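Summary of structural features
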Amino acid sequence: MKLLFIANRIPYPPFRGDKLKIYHLGKCLSALNEVHLIAFLENKNDLQYKKELEKIFASVTLISLPKWKSYINVLLALFGSLPLQVAYFRSSKMRKAIKEQIYLNEFDAVHIQHIRMAPYSKDVAAKNIILDLPDAYSMYWDRRVKSAKNTIQKYFNKFERNRLWRYEHVVLKAFPKVLVCSREDADYLKAEHNLSNVSLLPNGVDTDLFNSTAHDYENNSVLLFTGNMDYAPNIDAVTYFVNDILPRIRKEFPDIKFVIAGQRPVKSVLALASDQVVITGFVKDFPSVYRSASIVVAPLRFGAGTQNKVLEAMAMAVPVVCTHIGFQGLGVASGEGVYMESNKEAFTNRILTLLGNNAIRKSVGEKGMQVVQSKFDWKKVAQQLQDYFTALN
């Protein structure tokens, strides 16, 4: 099949989030298909990665979108009804590039990543379009409203949430297939917007890179959190953990270290650093970081979708303790690699129990590795997407 991928970010380096997904889907699908890519450049330094992407994609078209243009887009959108998230990515150059590719190629199907890119479906004269959402975005923003710490923040989050909900309500019906990565997100979209075109495409893991080679379960001195540290849910999660959970754990395990591993830590995250809290910044070799961990924690209080940090830890046979955010999309029972705890006391007690019992950590970790290998390997996820493309044709 000849496929076109339209992405809101250049999918390289494939370290986290959206970049990770598009890179691995493209890599796996290119083995049996001719896959083309059009994506936005975050900055001109990203041009150096074009050669890497050309090893996977049949053609790579990168569109520059200067931040000043995006800021103007957002400012103008204040006087309309378009979600600011969507307005930010308006670009006549992107529209032109898509039209040129459509003119030059007869694509069997088109994959559009994120609701931010949904408007570009109008430039695709094809019926076989899939909109792939990282999560139900209005649900994500609804949770941001509930977690807002001040009136101004709450007002802005509600403003954007309401625009996104109305936009989803109209736009999602226009696509023959809409994909989300968790059952929770799918159920939300179906109920809120009365949709029948929503299906699941889980996030995945590169099991060639993230795999367990005799994890050291004797080590009970490191708690780990991973993720982009300029992302609001992650910032809130680590701040909450350091202030509300870590002190209780240190009473029983005074030598415990909490490692926050991820790129672009903001000032409020850097301010958490101490003898017990380590901020790594950018990490190139995440597998080695997971190997050093006793437990991975994901104390997210808002967000949506499935968290890569949970899947990667499970693939490495490291036990995980998380909240319902990121758990419900896994389709596993609590204890199968990951424990879901819904309040501070239960979350803390679960960590204490795991730290105090090497055998339980080993049993839970190995179950998680088996789950990932059977359900979340990128090759298996890509095959699901291939099947969706085939069904549309």
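The text that follows walks through the structure, step by step, so that each part is easy to find. Values in this document were obtained by computation on a predicted structure and should not be read as measured data. (Residues numbered from 1 in each chain as written. Predicted model: local features only at pLDDT ≥ 70, side-chain atom pairs only at ≥ 80, totals over all residues. Heavy atoms only, no water.)

**Quick look at the packing of aromatic side chains**
Given two aromatic rings, their pairing is described by the distance between the two centres and the angle made by the two planes. Formally: Two rings from Phe, Tyr or Trp (for Trp, the six-membered ring) form a pair when their centres sit within 6.5 Å of each other. Planes less than 30 degrees apart are called stacked, planes more than 60 degrees apart edge-to-face, and all others tilted. Numbering of helices and strands starts at the N terminus; helices are DSSP runs of H or I of at least 4 residues and strands are runs of E of at least 2. Type-normalised accessible area, obtained with a 1.4 Å probe on protein chains alone, sets the label of each residue: buried when under 20%, exposed when over 50%, and partly exposed for intermediate values.
The final tally for this structure, using the stated rule, is 15 aromatic pairs. Ring geometry for Y71 versus Y88: centroids 6.4 Å apart, planes at 70 degrees, classification edge-to-face. Here Y71, found in helix α3 (residues 67–77), pairs with Y88, found in the loop between α4 (84–87) and α5 (92–104); they are 17 residues apart in sequence, far enough to count as distant. Residue classification places Y88 among the partly exposed residues on the basis of a relative accessible area of 24%. Pairing F241 with F258 gives two aromatic rings, centres 4.5 Å apart and planes at 40 degrees, and the pair type is tilted. Separated by 17 residues along the polypeptide, F241 in helix α9 (residues 232–252) and F258 in strand β9 (residues 257–261) bring together distant segments of the chain. Grouping residues by exposure puts F241 and F258 together as buried.

**Re the sheet that holds β9**
Spelled out, the test is: Two strands pair under a simple rule: DSSP has to find at least two bridges between them. Here, axes are lines fitted to C-alpha atoms. For helices the fit covers the stretch in contact, and angles between N-to-C directions go from 0 to 180 degrees.
Pairing in this open sheet of 6 strands is parallel, and the strands run β10-β9-β8-β11-β12-β13 from one edge to the other. Of all strands in the sheet, those bounded by a partner on one side alone are β10 (277–281) and β13 (338–340). Between one strand axis and the next, the sheet turns by 25 degrees as a mean value, whatever way the strands run. Relative to β13, strand β12 (residues 320–322) runs parallel, the two sharing 3 bridges. Within β13, the position partnered with V320 by the bridge is V338.

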